[in-house]
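What follows is each chain in one-letter form.
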Amino acid sequence: MKILKSLVLTDIQDTRISEIEIEAGNIAVKAQPGQFVILMVNETGERIPLTIVSSDPKRGLLTLIFQEIGYSTKLLGTLKPGDSLYSLTGPLGHPTLLKNYGNVIIVGGGVGIAEILPVAKALKDYGNKIYSILGARTKELLILKDKIKNYSDELYLTTDDGSLGEKGFVSMVLERILKENSDFQWIYCVGPVSMMRVVSQITRPYQIKTTVCLNTIMLDGTGMCGSCRLTEAGKVKFCCVDGPEFDGHQVDFEELIQRQGRFISQEKQAMQKLQ
Amino acid sequence: MSEAKITKISLDKRKTTFQEVSCGFSKDEALKEAARCIQCKNAPCAKGCPAGIDVKEFIRLIKEEDYSGSIKKIKEANSLPGVCGRVCPQEEQCQVSCVFNKKGNPIQIGYLERFVADWEFRESAESKSHLLNTKPEGKNKKAIKVAVIGAGPAGLTCAADLIKEKFEVYLFEGLHKPGGVLVYGIPEFRLPKDVVDKEVESIKNLGVVVATDFLIGKTKTMEDLRREGFKAFFIAVGAGLPRFLGIPGENLNGVYSANEFLTRVNLMKAYRFPEYDTPVTVGSKVGVFGAGNVSFDCARCALRLGAKEVHIIYRRSEKEMPARIEEIENAHEEGVQFHLLTSPKEITSDGQGNVNGVVCVKNRLGEPDASGRRSPVPVEDSEFSIELDTAIVAIGTSVNPLLISTIKDLQFTKRGYIKVNEDYQTSIPDIFAGGDIVSGSATVISAIQQAKIAARAIKEYLLIKA
């Protein structure tokens, strides 16, 4: 659970994205693309779920990338090489179903780009033709684009402010691609919930299977508590043990967005501890 | 001779702190209570103990003020005396068969057990050592590895019993702390976490290797463990997935499963937020659906977290409540309101995605159902509403597939729990199982009882095989 490397990928005024490399022998051996870990920074900390960005089974290492967005991720961002986590469990959740789908579009938004990286790499190994669409608020937040490019047949970049790639949203590019050519067998999307909702809306009329990777509020992460529950096809599912990937055409996004706000006022209170 | 009276902390403290409610016996009180025991020749009390504690003898040793001998006697049979002395339903077990029970004042065996367990904790803290638990002699150690999966009451018990038989025992726990329901479920005011930590410490001290953050089925599979030379397995992963009511509004903000609410409060210590980082929201009006021990734990936690009104909403009558009488009494004393013969029909929203109440329907009792309890029948036109800020669903759990779905050829009961024979052996000869994953939600002591039978069977299985 010792941290070997920590680096800041991006640091602009209000947003910081960091990467850490952790010793985690057993987990690194088992980790598959799409799976996540739950970690605690210290004894008083929260249990934080984070997607495994890459694993090195030989050296027993895991790489995690996270946006320092709330109290607990900011706390995680303070750890230095040599520090140890208090707790690290995994790999959790079902791995991504990897195969040769044919033509695939992968869509990553913000820090979600880190989460599509291992999937992109594996999809390439299976011989898929990959169209990647990456989007972020501004150019500094468009992380890992060069790495994703290595696995992409086509790469599209968008920023909200037009500082890099096209000005606008990933949805705009996705819509255009599908209008020109709808011969895609799978669409994989990770990013903010609102983005995953829009992407799913766009692909629905084309009836292309669309998988979204969700990050609901978890607690134990092992199926015990139901904190992370959501509704898919009218049925209650637990993100931790049934997911984290779900059918974008079947997820109740409205409920999901509402449940993401469960602890907003407590989060504000916790942030005061940093001041 | 009159019985020793148990003191509780003041009601004011009970409504605002998580301090343990019952103060237990002082030395004088314990001696007074033990003195009442007439040491019946046939010791009916012991027959009522699922863990098989020699009750008569441990009480005799208290009478002689040989507390060390007394706790040693208990630990021959039960590795969790500080826990059992607090949470066992003695009123249905050892104390039922006490000769004084007919007069309504049985020997308070649970409190005596707790007294000697606490005595040992104090003594070992003072001398900074464990008085009684020393590692079994190394040279006699059998080089046979056993994996116990899940460090709740069943897992801890089985691990302790097997290490006493000099096997190499590894105890795997998925969470960051051992104890299972004892740490995530039962609240501090009923079972201080310090007591659990000390019980776990003394089991570790026997030589059990405890690996936390280790989720068998994910971190390693059973097959991995077999390859690493493990010769037998005991699965004690608990019941798992929380059940929901299946009524509208259940995913609104402010609706918790009992497991989520209790895990936030107990394991993650949300009652000390923001000192601890995990939050919980309570508001001023809380409704709890169900009336088992878990429901009462939720209700009483909610009160301590500042709720002004806490409602227990239960579909049958008080007589059918599965909770311990002592906990129901405590809840009454603390001001919990009871809505009996009442079923929730819909959890209502404030329009912003938050709970603002529950619509209920009144029931009358009909014919007995499969459980032997009279089943509730809804009364027509009896709908009414209760205003709520928080709703907690405490109606039990179903099977968590995380581990068991990874084991090929494992057989299950109709209800989905692991199928075992009378030795708690599963359909796979080297795999045994016990506790809630076998029986469904039950008590700590029944998990202990099953674990003890399984430990004996595992020993025989391994010795025959060797």
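Only a predicted model underlies this, so the values are computations on that prediction, with no experimental measurement involved. (Residues numbered from 1 in each chain as written. Chains lettered and ligands numbered in written order. Predicted model: local features only at pLDDT ≥ 70, side-chain atom pairs only at ≥ 80, totals over all residues.)

## Focus: the overall build of chain A
Here is step 1: Per the secondary structure count, chain A includes nine helices and 15 strands.
Here is step 2: Out of the 275 residues belonging to chain A, those deemed buried represent 49%.
Here is step 3: Restricting to contacts in chain A with at least 6 residues of sequence separation, those with at least 24 account for 64%. (Helix = DSSP H or I, 4+ residues; strand = E, 2+ residues; numbered from the N terminus. Buried ≥ 20, exposed ≤ 12 C-beta atoms within 10 Å, placed from the backbone. Contact = placed C-beta atoms within 7 Å.)

## Things to note about the domain arrangement of chain B
All names here are of chain B.
Here is step 1: Each domain of chain B was delimited in the assignment, giving domain 1 (11-127), domain 2 (138-240 + 398-465) and domain 3 (255-393).
Here is step 2: A C-alpha centroid distance of 31 Å is found between domain 1 and domain 3.
Here is step 3: Across the boundary between the two partners, domain 1 contributes nine residues, which contact eight residues of domain 3.
Here is step 4: Per-class residue counts for the side of domain 1 that touches domain 3 are four nonpolar, two polar and three charged. (Domains from an automatic or database assignment. Nonpolar A, V, L, I, M, F, W, Y, C, P; charged D, E, K, R; others polar.)

## What to know about the nonpolar core
Here is step 1: One finds B:Ile149, B:Ala159, B:Phe234, B:Ile235, B:Ala236, B:Cys298 and B:Ala433 to be the most contacted residues of the largest nonpolar core, which totals 226 residues.
Here is step 2: Every residue in contact with B:Phe234, bar those within four places of it in the chain, is listed here: B:Val148, B:Ile149, B:Gly155, B:Cys158, B:Phe432, B:Ala433, B:Gly434, B:Ala454 and B:Ile458. (Core = buried A, V, L, I, M, F, W, Y, C linked by C-beta atoms within 7 Å.)

## Some points on the environment of B:Ile437
Residue and element names in this part refer to chain B.
Here is step 1: Looking at the secondary structure, you find isoleucine 437 in helix H16 (residues 436-439).
Here is step 2: In this structure isoleucine 437 comes out as buried when scored by C-beta crowding, with 27 C-beta atoms within 10 Å.
Here is step 3: Taking the C-alpha atoms as reference, isoleucine 437 lies 28 Å from serine 317; in sequence the two are 120 residues apart.
Here is step 4: Beyond its immediate chain neighbours, meaning those up to four positions away, isoleucine 437 contacts Ile235, Ala236, Val237, Gly238, Ala239, Tyr417 and Ile418.

## Here's the deal with the sheet that holds strand S4 (residues 230-235) of chain B
Residue and element names in this part refer to chain B.
Here is step 1: Strands sit in the order S3-S2-S1-S4-S14 across an open sheet of five strands; the sheet is parallel. Each having just a single partner strand, strand S3 (209-211) and strand S14 (431-433) make up the two edges of the open sheet. Averaged over all adjacent pairs, the angle separating strand axes in this sheet is 20°, with direction ignored.
Here is step 2: As paired elements, strand S2 (residues 168-172) and S3 share three bridges and run parallel to each other. By the bridge assignment, tyrosine 170 is partnered in S3 with valine 209.
Here is step 3: Along the sheet, helix H17 (residues 444-465) makes contact with strand S1 (145-149), S4 and S14, crossing S4 at roughly 165°. (Pairing = 2+ DSSP bridges. Axes fitted to C-alpha atoms, helices over the stretch in contact; angles between N-to-C directions.)

## Remarks on the sheet that holds strand S11 (residues 186-190) of chain A
Here is step 1: Spatially, seven strands are ordered S10-S9-S8-S7-S11-S12-S15 (chain A) in an open sheet, and the strand pairing comes out mixed. Sheet topology places strand S10 (166-167) and strand S15 (245-247) of chain A at the edges, where each strand pairs with a single neighbour.

## Some words on the domain arrangement of chain A
Residue and element names in this part refer to chain A.
Here is step 1: Each assigned domain of chain A is listed here: domain 1 (3-92) and domain 2 (103-260).
Here is step 2: A separation of 21 Å is found between the C-alpha centroids of domain 1 and domain 2.
Here is step 3: On the domain 2 side, the residues contacting the 19 residues of domain 1 number 20 residues.
Here is step 4: Secondary structure elements with two or more residues in the side of domain 1 that touches domain 2: strand S1 (3-12), strand S2 (15-23), strand S3 (36-40), strand S4 (48-56), strand S5 (61-67) and strand S6 (87-92).
Here is step 5: Ranked by residue count, the leading element in the side of domain 1 that touches domain 2 is S4, at four residues.

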